Amino acid sequence: MNEIANNLETIEKKIRAACERSGRKRESVTLIAVSKTKPLSDIEAAYLSGCTQFGENKVQELMEKQKHCSLPLSWHLIGHLQINKVKYLPGAVKLIHSVDSEKLAAEIDRQAAKHGVVMDVLCEINIASEESKFGILPEQAVETVKRIATSFGHVSVKGLMCVAPRTDDAQTNRPYFRAMRQLLESINGELGEDKRLSELSMGMSGDFETAIEEGATMVRVGTGIFGKRDYEITA
Ligand SMILES: *Cc1c(COP(=O)(O)O)cnc(C)c1O
């Protein structure tokens with residue numbers, strides 16, 4: 001068995017165990033394989049081991065891979081999105097995880113309308129209020145997410161996403177994951193039944209099990225599947 005298949009088997013076992021510990025169904029968690037910086041051959045290997053959801057954090061890299069890939073995959077844009085790149089995304093990605101301003105949402109709405117589609121998005125929360133990170137600050141989250149969720153006909157907000165602080169001890173991120181879930185509930189308290197948010201994209205290679213225990217519905221795993229990246233992408 002190749003390394004990627006091996007890694008996926010390990011990740012799958014951990015996802016199942018975390019679901020069992022927290023009384024959740026395996027189907028309630030979607031694994032997104034984060035393939036940034038990795039070649040198409042790695043994506044193909046992961047696909048052959050059952051992965052269908054792939055995450056990239058740069059629009060250009062995502063488009064390039066998609067162009068050369070004939071497999072029936074779904075693509076997720078998980079990195080910071082610049083306004084001028086939005087135009088490439090309608091029809092190309094299943095979900096944008098990184099909406100962090102009303103201005104960005106307005107441009108997604110405009111481009112989606114042009115293509116006659118509704119784009120599914122998550123709002124990114126800078127849950128630990130880190131200087132170095134993008135995302136809506138927690139104290140502004142209820143108001144800002146509510147406005148994004150109710151202002152645009154071609155943008156459908158499905159939930160929240162966060163990139164938790166880097167840590168060697170996943171337990172230190174548990175309070176942040178818990179706060180994300182509480183925020184989701186607070187926002188839902190302000191939204192009509194038809195707009196209720198259900199997705200929480202949180203947890204990466206180092207802390208996805210803890211994130212699942214705290215309610216993650218999507219985990220984004222890169223190095224845990226594909227191994228170390230040769231170079232690191234910032235934000
Ligand atoms: C790179 C990246 C991941 C995956 O990180 P790993 O630690 O390699 O699992 C998840 N989410 C985002 C937004 C990323 O940029």
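Residues numbered from 1 in each chain as written. Predicted model: local features only at pLDDT ≥ 70, side-chain atom pairs only at ≥ 80, totals over all residues. Heavy atoms only, no water.

Draft legend 1. Expanded view of the packing of aromatic side chains. Taken as a whole and assessed by the stated rule, the structure comprises 1 aromatic pair. Between Phe 54 and Trp 75, the ring centres sit 6.2 Å apart and the planes meet at 45 degrees, which makes this aromatic pair tilted. Taken together, the positions of Phe 54 in strand S2 (residues 53-56) and Trp 75 in strand S3 (residues 74-77) put the pair 21 residues apart, joining distant regions of the chain. Both residues of the pair, Phe 54 and Trp 75, belong to the buried class. (Phe/Tyr/Trp six-rings, centres within 6.5 Å; stacked < 30°, edge-to-face > 60°. Helix = DSSP H or I, 4+ residues; strand = E, 2+ residues; numbered from the N terminus. Buried < 20%, exposed > 50% of the residue type's maximum accessible area, 1.4 Å probe, protein only.)

Draft legend 2. Examining the site of the ligand more closely. Around the ligand, a shell composed of Val 34, Lys 36, Asn 57, Ile 78, Val 163, Met 204, Ser 205, Arg 220, Val 221, Gly 222, Thr 223 and Arg 229 is seen. One of the side-chain nitrogen or oxygen atoms of Asn 57 is found 3.4 Å away from an oxygen atom of the ligand. Within the backbone of Thr 223, a nitrogen or oxygen atom sits 2.8 Å from an oxygen atom of the ligand. Here the ligand has 390 Å² of accessible area as a free molecule, and 90% of this is covered by the chains. (Near = heavy atom within 4 Å. Polar contact = N/O pair within 3.5 Å; in protein donor to acceptor, adjacent residues only side chain to side chain. Areas by Shrake-Rupley, 256 points an atom, 1.4 Å probe, with all protein chains shown as cover.)

Draft legend 3. Spatial organisation of the side chain of Ser 35. You can see Ser 35 is positioned in the loop between strand S1 (30-34) and helix H2 (40-48). Exposure remark for Ser 35: the relative accessible area of 0% places this residue in the buried category. In this view, Ser 35 contacts Ile 43, Phe 54, Gly 55, Glu 56, Glu 61, Lys 65, Trp 75 and Phe 226; residues no more than four positions away in its chain are not counted. (Contact = heavy atoms within 4.5 Å.)

Draft legend 4. A look at the nonpolar core. Core analysis: the largest hydrophobic core is formed by 64 residues, its most contacted members being Ile 96, Ile 108 and Leu 160. The element contributing the most residues to this core is helix H1 (residues 3-21), with 6 residues. When sequence neighbours within four positions are dropped, the list of residues in contact with Ile 108 reads Leu 81, Val 86, Ile 96, Val 99, Met 119, Val 121 and Val 155. Core analysis: the second largest hydrophobic core is formed by 5 residues, Leu 95, Leu 122, Met 161 and Met 218 among them. (Core = buried A, V, L, I, M, F, W, Y, C linked by side-chain atoms within 4.5 Å.)

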